[in-house]
Every structure is written in structure tokens, then in C-alpha cells.
There are 2 protein chains.
Amino acid sequence: MSDHQEGLLPSELIGLKRDGHELSEAQLRVLVEGMLGGDVSEAQIAALLMAGVLNGFTVAEAKALTAILWDSGETLDLSSLSGPTIDKHSTGGVGDGTTLLVAPLVAAAGGQMVKLSGRGLGHTGGTLDKLESIPGINVSLEPQRMLDIAERVGCVVAAQTDRLVPADRTLYALRDLTGTVESTALIASSVMSKKLAAGASTIVLDVKAGDGAFMPDAAAAEELARLCVQIAQDAGRRCAALVTDMEQPLGRRIGNATEVAEAISLLRAPPSGRLAEVALELATLALTEARPQAGGHDPSGSVRSELVRHWERGDAMERLERMIAAQGGAAEVCTDPAAILPSAPVEREVVATAGGTVGAMPARQIGEIVARLGAGRKRKGDVIDPAVGVDLDVAVGDRVEAGQRLALVHARSADDAQRAVNGMQEAITLGGASPRDVICSRVLLG
Amino acid sequence: MSDHQEGLLPSELIGLKRDGHELSEAQLRVLVEGMLGGDVSEAQIAALLMAGVLNGFTVAEAKALTAILWDSGETLDLSSLSGPTIDKHSTGGVGDGTTLLVAPLVAAAGGQMVKLSGRGLGHTGGTLDKLESIPGINVSLEPQRMLDIAERVGCVVAAQTDRLVPADRTLYALRDLTGTVESTALIASSVMSKKLAAGASTIVLDVKAGDGAFMPDAAAAEELARLCVQIAQDAGRRCAALVTDMEQPLGRRIGNATEVAEAISLLRAPPSGRLAEVALELATLALTEARPQAGGHDPSGSVRSELVRHWERGDAMERLERMIAAQGGAAEVCTDPAAILPSAPVEREVVATAGGTVGAMPARQIGEIVARLGAGRKRKGDVIDPAVGVDLDVAVGDRVEAGQRLALVHARSADDAQRAVNGMQEAITLGGASPRDVICSRVLLG
């Protein structure tokens, strides 16, 4: 880049992106940091973002944007922790209680996970909301407290503070208003700036593909996964990703308390089902990456076998119990969830009106039904009800008989319940389709 | 457009444009009027504009944007005038004193021109700046005063008030900052909203093409001209356009007082040269369009002949003199310009260092030299010097001898003059190129 280009006006830099040129990290800093400092207007950034959405941002631009966002605030320093530090991110889905399984599983295997999670929005759930259905639990922890719990228990799940990557919030709010959310590079830089700032040396990603995911298309999801892995590796972290299916809800329960109950129930038995499979695979990837002597691969399946042993011996269950206790929550939830978790006053069954094979259980539609029951938010800041939700008895590909129960709705009122039952009747369709494998692909680079 | 689409959020409307869809006038109104009312942010409009610049706006969208801008403020009502009302617009150039010729020429032939003009910016001049080099002249006229002068004299040239098309100023300022100036549809809607609001029933356009023009490329200029004519005709106005050459300055003088002197000098002799040719053609187009019995064409050349007669008899000269007097200016400028117009303290000659044929006199470069002498503005609001400028002795295609004077620089200081002389020496190059015809094409639709 010439000195001349260094001196370009913001409008001229935007013009370069408009005309299909690549911007350097220094040029992107002029714009994004200029916006944060007030010298560049949000309108200028909106124009830049739209030019990038339409012309594409390069891998180098995505890396540069990640670095600029990452630099905008505080970072977590995990260097005092004794074990390999591991982080995990999901792009969000329905019935996706993966963190509640992966965190204690990684901890049981000797890793340390400081997981900064989010809240649900729209049809997707959020780990913090789920955890907060446990009485007493505190997810607003200061960094030192997170480190203490991670060192002692092996895992901790808490809210991201406002001081971490503040530029990402500003930029995301702007993207949301200006039709510039859908960009692989912008999504990757948003996700990875937060993961890099959160400090773990190994990062595993769960990029969802399908109806209920941000990326409906598996090829687009894999492209996002590859870019995220490239960004992390470029920043000196170990990183791998799964692309997993979000055509149907991942777990059998959708809501908040009910997803906690499902995680506990899964951890009390040998791993089985799609949710357990994704959790096991993510933990396997993470530990394989974190142990470089294995060369990043687990061909013999020894890492996975070790994790299955931890799961079956109840080691992961124990870690989850200790984590909840360490965060001030009612740890008895792990032994008697029904006694501890809130329950909704009304229950209604969804019953099959005909026999056949379940052809579709569209994740987005089901997520929206559950959100409308009160489990989700239309807008940031909305109050949610931890007790409501839907438990599924079937998955895509299952044979059902007429009259068989397909799902159970937990609602605040008979009206809410009836609306959800009707919605579920409409959402679950019979047909010949076989389900997609829950693991669509693995992204292991370098 | 369905009711559903009517209810879309601004970000969703932006998303439609991003994805290549056409927005309806109602949808564009939600956005642009929303911005004016404060419900839609400038960032959202910037994203929309960039999406339109990259995906293109359709003709229908350009018409809709024109209508929305046009509706944003007051309009001039010319219905009280007795003759055919005619307006003229140039997209801006160097040495382009066309208005000073066309306005009195149209008036001499019985038309009435209320011309709202602008000021110079960057390398291009502005008619108001040129007129203001005449002592006493007032270009800030209330609408009634404009109508009085137009009725009595046939022409008046004044500043556009802030109350006319205010949305265009807001939008243009935003485009200037966000790299979204270069869009045929946005340029056309900006130009035509102002022309439609200015109320004339016939509009002629002079779209410049070449080095010194906003549109360097003649094909792009013709596309802009066609779109402008379509918009005007769709709004029930008569309209035609010329695309004219701006590879070299149009007139032989560039500055402010010096361009007034050139116009007076041209009107005192039979029409000759490129500037006179463009003025005659524009006036011919205007009067041909304004007299519908001719079917919009002047095949026998009778309109042009009539205008040449008016020119040669001094009728146009007389109209200019009366207009200047009616606007409070020193009308003696028309008989003794040297005595009335300001002159610069320093004059320096630009002399040919070798013989040959003039191959290029790049309009933009020469415009920038003259602006740097003090005749132009870097920014809106800069003070200009009416006396400085450059007079050209040659045009592209002229044979010159070594030692022959090529131009005369009028400057405030010896340093300024020397810099301009050096710049002109570099700008004027010898070579075999023959000049482009001054009239590149005519756009007569419908």
C-alpha cells in the first residue's frame, strides 16, 4: 500500500471497496476505529459494509476486521490456568444444549473451559437463559472468579462483559439495521474476535446448517467454518470446526429448564442421540487439537473412547454439578431436576392424527413456537419464562402410529398451550424423507 | 406490492435492494421520507444507496426517487408567465458559460427562462459565481421577483433557495461522504427533482462527457441523458438533451469575470466557436420542444435560423443587458466589460516551446489550475476571486509555432501566476489528435 493510499479520505476508501478492491488492515482501521472514535460516521461504515456484502470481503480483510474488533476492548488472560484452555462456539440453533454437555466433558478430561455465552434471540435459545432456570445460579462473574472456578472445576459458563470486544456490538447493531448481517466474512470476524478475546488456546466451532440455522445451506456453513478456522490459526490458536445439522431441533427438548433437564438426563446414561453425538464430537475435536502430539487427529478414536469413559463413569455429570454449585446454583438439580427446576402450570400432548414416518420437524418453526410460549425473546431485554417449552417424543425418520404422542407442550395458559399444539401439529409432517446425519462435515485445516 | 411488503422494516427493504429486487415508490418513500423525518437512520440510507450503486436502480426507481425528492419542499409556480417556460441544466464543466448565452437567446425568441443556478465546486465553475463578478448584481431573489423579471425581460438567473428540494441536499451530502455519488439513477433523480420543482414546461439538458466532466465516458453520459429525459417526460414535461464534449474546456476563457466577458464578446458578433455552438443547439432544442406544432424536430433548421437572426441582430445581447439591469447589476458591462469587471494584478503568458498541432487541453487539469488561482472552491463556502482565470488562445487541433502565445494567466500574485503558467505548459500537449465534435449526440425521446 502506498503512502498515497494511506492518506485517502473515508469516502475514497469506501469507493475502493465499492470498486472491488481489497482494503488493507490499516485502511480498515481508519474506518472502523474512526467510527468508534467518532471521526467516521455510521453511514460511512454502513456503505462500506454493504459494498463488502455485495462485492465480498477477502480472507485477509476478514482477518483484519477480526483483529480490529478484538483490539477494541479488554481480553481474558487465561495464562494462569494449569490445563489446556478450550473454548467452544455454536452459531446457534434450536434444542442446542451442547455447551451443557461439552463444558463438563472437557473438564472431566483435564481441559479447562471458560465459556462466555449469550442469551437467546428469536427462534434460537441461549445457554445463559437455560442455566438461569437453575435457582441461585450466577452467570455474571468477574474475570478472576471465572478463572478460579475454571481452575478448580475445569469449566465455568458466564456472560460476556460489555468490556470485551465492544466494537463488535456497535458493528452488529449497525449491521442489523442496515441489511448487512449476511456476510461470511462479517459473521466470521464477529464470532472470532470474541473467541480470540476470550483467550483459550484451543477453539472448537459448531456451525449449524439447515432450516433452523443462520446458514441454511451446508456449503455456506462449511465456508463460514473454514474462514473461522483460518482466522483462529492465523492468530496462533488451535482450531477446528464441525458443520452440524439444524434441519430439525438438535435435542429432544426445547425451552430453558427442560433443556437443562435433558442435559442432566443425558449425562446420567451412556451417550446416545444426536445432541450427545454432537457434544462428544466437539469435545473429541477440542481435546485432539489441544494435544498436539496427536497431530490434530484422532484416527484410533482413543480421545473419543476416553471421553465416552468419562461420560459413562459420571465424571462429566460430576463436573456439571460442581460447576453449578461453584456458580451459586442449586446443585441438587443434577440429582432431582424435577424438584428443583420450575415447571409450567399447563401441559398438553401433541398427538399423531395418522400413522407414517416423520418426514420433517422444521427447527425454525418449532423454535418460534417455543419462543411464543414465552421461552424466547423478540427483542433484546424481553423477559422470558424458564418453565415453558416443548418436549419431543420423535425425530425425523421415526415410525409413528395414529394416536401416538409426538410431543408434550409446557405452557403458562391453556390458550398458549392450544396454540402451540396446533403449531406443532402443523410443523411435524409425515413423509418418506430420511434424516440428515447430525455431523455434516468436519473442518480441520493446516 | 402486497400488504405484507408495505409492512416491511427498513432493514428488510434494504435487504430487498441488496438482493437485487426493485423497490416500489411506496417502499422508497418509507426509507427516504423516513430519513427526513428521523425514523430511518442515515446509515440505513447509506446502505440502500450502496446496494443501489452496485446492483443498479431501475428506471422506475429513478422516477420514484425523483418524485420523492421533488415532493420534499416548495416548488416554483410559473403558470402566471405568458410565454413558453424553458429551463436548462448542465451537468457542469470547465469554461462552460452556456447559460449566459442560452438564457438571453431563449428570451429573445419569446421564451421565458427562470434559471436556478449553482456555484462552482472543485474544477467546475458555477453560473452564480460568474454573474457575481458584475458589480451590484443580486442573485438571491424571492420567487415573485424572479417571475416579475422573467415576465418583463424573458430571463432571470438566481440561486436556488434552501426550500426547493431540501431532501436532495441531505441525500447528496450523504452520497458525497459514503462513496455513492456515481450512480446514473441517483444523479438523474437529483438533477431532475430540482428541474421539475423549478416548474418550467420545457427542459433542455447539456450532459457533458469527457475528461473534465462528471461522466468521462460518452456512452455513460448518453445513458444519463436518456434517463433524465424519460423522467421529465414521465412527469409531463417536454424535454430533450445534448451530450457535449468536455475533453477540452468548452469556451476559450476559464474563470468568473473572464467568462462573463467572453459571453458578451460572443453575443456582440455572429455566433462562432464551440461554446456558441452548444448554446445555439440548446436554445434550438428548447424552442423546438416548446413549440409542439413542430413535433419536437427542426428538420428545416428554421428554429435555429431564427435564433441566429436574434443573435446577429443583437436581440440576445439586449436581453442579457436588461436582465443584468433588472437584477441590479452594472449593465454597462455589456458595452464596456473591461471598465466594469474586476481585473487581476498579474498577467503572464503561456508560450509554446515547440511547434506542432495541439493534441490535448485536458479540461479537468485546466479547471484545477484555474480553481487554484482562486477562481474555484475546494469546499462549499470558500471565498473565490472573480478576477483570476486563464484565457486560451488555442483549441485542440490548432497548429501552433514555437514562441506563440497559447494562453494568458490572470493571477493575484507572481507566484500564483508562475505556478499556473507551469501547470498550463504541462497541460497543453502537442500531438496528432483531432478534436471531438462539440456535440456528441442528441437525445430526443418519444
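Bear in mind that the values here come from a model prediction, so they are computed numbers and not experimental data.

**Section: the sheet that holds strand 11 (residues 405-411) of chain B**
All names here are of chain B.
At step 1: Pairing is antiparallel in the open sheet, where four strands are placed in the order 6-9-11-7. Strands at the two margins of the open sheet, each flanked by one partner only, are strand 6 (253-255) and strand 7 (346-351). Averaged over neighbouring strand pairs, the angle between their axes works out to 15° when direction is ignored.
At step 2: Where strand 9 (residues 389-392) lies against strand 11, four bridges are found, and the strand directions are antiparallel. Across the sheet, aspartate 391 pairs through a bridge with leucine 408, a residue of strand 11.
At step 3: Packed onto the sheet, helix 12 (residues 257-267) meets strand 6 and strand 9 and runs at close to 145° relative to strand 6.
At step 4: Contacts between helix 18 (residues 414-427) and the sheet are confined to strand 7, strand 9 and strand 11, with strand 7 contributing the most and set at about 20° to the helix.

**Section: the relation of the copies chain B and chain A**
At step 1: For the match of chain B to chain A, the screw axis carries a shift of 0.0 Å, the RMSD comes to 0.0 Å, and the turn is 180°. The transformation just described matches what one would write down for a two-fold rotation axis. If distances are taken from each C-alpha of chain B to the rotation axis, the shortest is found for alanine 43 of chain B, at 1.8 Å.

**Quick word on the packing of helix 5 (residues 59-70) of chain B against helix 10 (residues 184-197) of chain B**
Residues and elements named next belong to chain B.
At step 1: One way to put it is that helix 5 packs onto helix 10 with a least axis distance of 8 Å and a crossing angle of 45°. Classified by the angle between their axes, helix 5 and helix 10 sit oblique to one another. Where helix 5 crosses over helix 10, the two elements pack in a sense that is right-handed. Side by side, helix 5 and helix 10 meet where Ala62, Leu65, Thr66, Leu69 and Trp70 of the first sit next to Ala185, Leu186, Ser189, Ser190, Met192, Ser193, Leu196 and Ala197 of the second.
At step 2: Residues of the contact of helix 5 with helix 10, tallied by class, amount to nine nonpolar, four polar and no charged.

**Here's the deal with the interface of chain B and chain A**
At step 1: Taken residue by residue, the interface counts 20 residues in chain B and 20 residues in chain A.
At step 2: Carbon and sulfur atoms make up 70% of the area that chain B and chain A hide from each other, which totals about 1,500 Å².
At step 3: At the boundary of chain B and chain A, one finds two salt bridges.
At step 4: Between glutamate 182 of chain B and arginine 18 of chain A there is a salt bridge; the shortest N-O distance is 3.3 Å.
At step 5: If you look at where chain B meets chain A, you find six residue pairs in polar contact (both at pLDDT 80 or more).
At step 6: Mapped by element, the contributors of at least two residues to the side of chain B that touches chain A are helix 2 (10-18), helix 4 (42-55) and helix 9 (166-177) of chain B.
At step 7: Ranked by residues supplied to the side of chain B that touches chain A, first place goes to helix 4 of chain B with 10 residues.
At step 8: Its residues assigned to classes, the side of chain B that touches chain A shows 10 nonpolar, six polar and four charged.

**Concerning the confidence of the model for chain A**
At step 1: Looking at chain A, pLDDT values average 94 and 97% of them are 70 or higher.
At step 2: Predicted complex metrics record ipTM = 0.87 and pTM = 0.89.

**Let's talk about the sheet that holds strand 1 (residues 86-90) of chain B**
All names here are of chain B.
At step 1: Taking strand neighbours across the sheet as the criterion, the four strands line up as 1-4-5-13 in an open arrangement whose pairing is mixed. The open sheet has two free edges, formed respectively by strand 1 and strand 13 (439-443), since each of these has just one partner strand. Sheet twist, expressed as the mean angle between neighbouring strand axes with direction ignored, is 15°.
At step 2: Bridge count for strand 1 against strand 4 (residues 202-209) is five bridges, and the pairing is parallel. Its bridge partner lying in strand 4, serine 90 is registered against aspartate 206.
At step 3: Of the strands in this sheet, strand 1 and strand 4 touch helix 6 (residues 98-108), which is tilted by about 165° from strand 1.

**Things to note about the environment of alanine 185 of chain B**
Residues and elements named next belong to chain B.
At step 1: Along the chain, the position of alanine 185 falls in helix 10.
At step 2: Sequence separation between alanine 185 and lysine 130 is 55 residues; the distance between their C-alpha atoms is 29 Å.
At step 3: Beyond its immediate stretch of four places on either side in the chain, alanine 185 contacts Phe57, Ala62 and Leu227.

**Let's talk about the pairing of strand 4 of chain B**
All names here are of chain B.
At step 1: Where burial is concerned, most of strand 4 is hidden: eight out of the eight residues are buried.
At step 2: In terms of strand pairing, strand 4 meets strand 5 (residues 238-245) through eight bridges, oriented parallel. Paired with valine 204 across the strands is alanine 240, a residue of strand 5.
At step 3: As a crossover connection, the stretch from strand 4 through helix 11 (residues 218-234) into strand 5 is right-handed.

**Let's talk about the nonpolar core**
At step 1: Ile134, Leu205, Val409 and Met424 of chain A together with Ile134, Val409 and Met424 of chain B are the most contacted members of the largest nonpolar core, which has 322 residues in total.
At step 2: Residue contacts for leucine 205 of chain A: discarding those within four places in its chain leaves His89, Met192, Cys228, Val229, Cys239, Ala240, Ala241, Leu242 and Leu282 of chain A.

**What about the pattern of salt bridges?**
Residues and elements named next belong to chain B.
At step 1: Overall, the coordinates contain 60 salt bridges over all chains when judged by the stated rule.
At step 2: Two residues, aspartate 71 and arginine 29, come together in a salt bridge whose shortest N-O distance is 2.8 Å. On the criterion of sequence distance, the pair formed by aspartate 71 in the loop between helix 5 and strand 1 and arginine 29 in helix 3 (residues 25-37) is long-range, its members being 42 residues apart.
At step 3: A salt bridge links aspartate 245 to arginine 274; the shortest N-O distance between them is 2.7 Å. Highlighted residues: aspartate 245 in strand 5 and arginine 274 in helix 13 (residues 274-290), separated in sequence by 29 residues.
At step 4: Owing to a relative accessible area of 1%, aspartate 245 belongs among the buried residues under this scheme.

**Topic: the environment of isoleucine 324 of chain B**
All names here are of chain B.
At step 1: As for its position among the elements, isoleucine 324 is in helix 15 (residues 315-326).
At step 2: On the basis of relative accessible area, isoleucine 324 is assigned to the buried category, the value being 1%.
At step 3: In sequence terms isoleucine 324 and lysine 17 are 307 residues apart; their C-alpha atoms lie 48 Å from each other.
At step 4: Excluding its chain neighbours within four sequence positions, the residues that come into contact with isoleucine 324 are Ile134, Ile137, Gly329, Ala330, Ala331, Val333 and Cys334.

**Quick notes on helix 10 (residues 184-197) of chain A**
All names here are of chain A.
At step 1: For helix 10, spanning 14 residues, the distance from its first C-alpha to its last is 20 Å, which sits close to the expected 20 Å at 1.5 Å a residue.
At step 2: Most of helix 10 sits inside the fold, with 13 of its 14 residues counted as buried.
At step 3: Glycine 199 sits one or two positions beyond helix 10 and adopts a positive phi of about 85°.

**Quick look at the state of the cysteines**
All names here are of chain A.
At step 1: With the rule as written, the count across this model stands at zero disulfides over all chains.
At step 2: Here cysteine 239 is not cross-linked by a disulfide; its sulfur's nearest cysteine counterpart is in cysteine 228, at 7.4 Å.
At step 3: Residue cysteine 239 is classed as buried on the basis of its relative accessible area of 0%.

**A closer look at the environment of arginine 319 of chain B**
At step 1: Among the secondary structure elements, arginine 319 of chain B is positioned in helix 15.
At step 2: With near-sequence residues (within four places) excluded, arginine 319 of chain B lies in contact with Pro104, Ala107, Ala108, Val153, Gly154 and Cys155 of chain B.

**Examining helix 17 (residues 363-375) of chain B**
Because an α-helix packs 3.6 residues into every turn, residues spaced three or four apart end up facing the same way.
Residue and element names in this part refer to chain B.
At step 1: Given a rise of 1.5 Å per residue, 13 residues ought to cover 18 Å, yet the end C-alpha atoms of helix 17 are separated by just 15 Å, more than 12% below that figure.
At step 2: Within helix 17, burial applies to Ala363, Ile366, Gly367, Ile369, Val370, Ala371, Leu373, Gly374 and Ala375.
At step 3: Contacts made by the buried residues of helix 17 are with strand 6, strand 9, strand 11 and helix 18.

**Here's the deal with unusual backbone geometry**
Peptide bonds are trans in most cases, and residues, glycine excluded, mostly fall at negative phi.
All names here are of chain A.
At step 1: The phi torsion at valine 165 lies on the positive side, around 50°, for a residue other than glycine.
At step 2: Within the secondary structure layout, valine 165 lies in the loop between strand 3 (155-159) and helix 9 (166-177).
At step 3: Note on valine 165: relative accessible area 0%, which makes it buried.

**Things to note about the packing of helix 5 (residues 59-70) of chain A against helix 11 (residues 218-234) of chain A**
Residue and element names in this part refer to chain A.
At step 1: The N-to-C vectors of helix 5 and helix 11 enclose an angle of 60°; their axes lie 10 Å apart at closest approach. Considering their axes alone, helix 5 and helix 11 lie oblique with respect to each other. At the point where helix 5 passes helix 11, the crossing takes the right-handed sense. When helix 5 is examined against helix 11, the residues Val59, Ala62, Lys63 and Thr66 are found in contact with a partner set consisting of Leu227, Gln230, Ile231 and Asp234.
At step 2: For the contact of helix 5 with helix 11, the per-class residue count stands at four nonpolar, two polar and two charged.

Analysis parameters
- In this convention, every chain numbers its residues from 1, walking through the sequence in written order.
- As they are written, the chains are lettered A onward and the ligands numbered 1 onward, keeping that order.
- A pLDDT threshold of at least 70 governs which residues receive local features in this predicted model, and a stricter bar of 80 or more applies before side-chain atom pairs are shown or counted, although totals over entire chains, interfaces and linings include all residues.
- The side-chain values count all of the structure's non-hydrogen atoms but skip hydrogen atoms and water molecules.
- If DSSP finds at least two bridges between two strands, the strands pair.
- Numbering of helices and strands runs from the N terminus; a helix is a DSSP stretch of H or I covering at least four residues, while a strand is a stretch of E covering at least two.
- A fitted line through C-alpha atoms represents every axis, and for helices the fit uses only the stretch in contact; the resulting angles, taken between N-to-C directions, go from 0 to 180 degrees.
- Only heavy atoms enter the contact rule, under which two residues are in contact if any of them lie within 4.5 Å.
- In this comparison the copies share one frame, found by least squares on the C-alpha atoms of residues holding pLDDT of at least 70 in both.
- Any angle between 65 and 115 degrees counts as roughly perpendicular, while under 35 counts as roughly parallel, over 145 as roughly antiparallel, and the rest as oblique.
- In a left-handed crossing the near helix is turned counterclockwise from the far helix by less than a right angle, and in a right-handed crossing that turn is clockwise.
- Three categories are distinguished: nonpolar for Ala, Val, Leu, Ile, Met, Phe, Trp, Tyr, Cys and Pro, charged for Asp, Glu, Lys and Arg, and polar for the others, with Gly belonging to the last.
- Values labelled buried area give the accessible surface lost by two parts on being combined, using a 1.4 Å probe and summing over both.
- In what follows, salt bridge is the name for a side-chain nitrogen of Lys or Arg lying within 4 Å of a carboxyl oxygen of Asp or Glu.
- Under this definition, polar contacts are N or O atom pairs within 3.5 Å; protein pairs additionally need one hydrogen-donor-capable and one acceptor-capable atom, and for neighbouring residues in sequence, both atoms have to be side-chain atoms.
- Predictor confidence is given residue by residue as pLDDT, running from a minimum of 0 to a maximum of 100.
- For the exposure calls, accessible area comes from a 1.4 Å probe over protein chains only, and a residue counts as buried if that area is under 20% of its type's maximum, exposed if over 50%, partly exposed in between.
- Place the viewer so that the strands point away; then a crossover is right-handed whenever the path from the first strand over the helix to the second strand goes clockwise.
- Residues belong to one nonpolar core when they are buried, are Ala, Val, Leu, Ile, Met, Phe, Trp, Tyr or Cys, and are joined through side-chain atoms within 4.5 Å.
- A helix is expected to span 1.5 Å for every residue after the first.
- The criterion for a disulfide is a pair of cysteine sulfur atoms lying within 2.5 Å.

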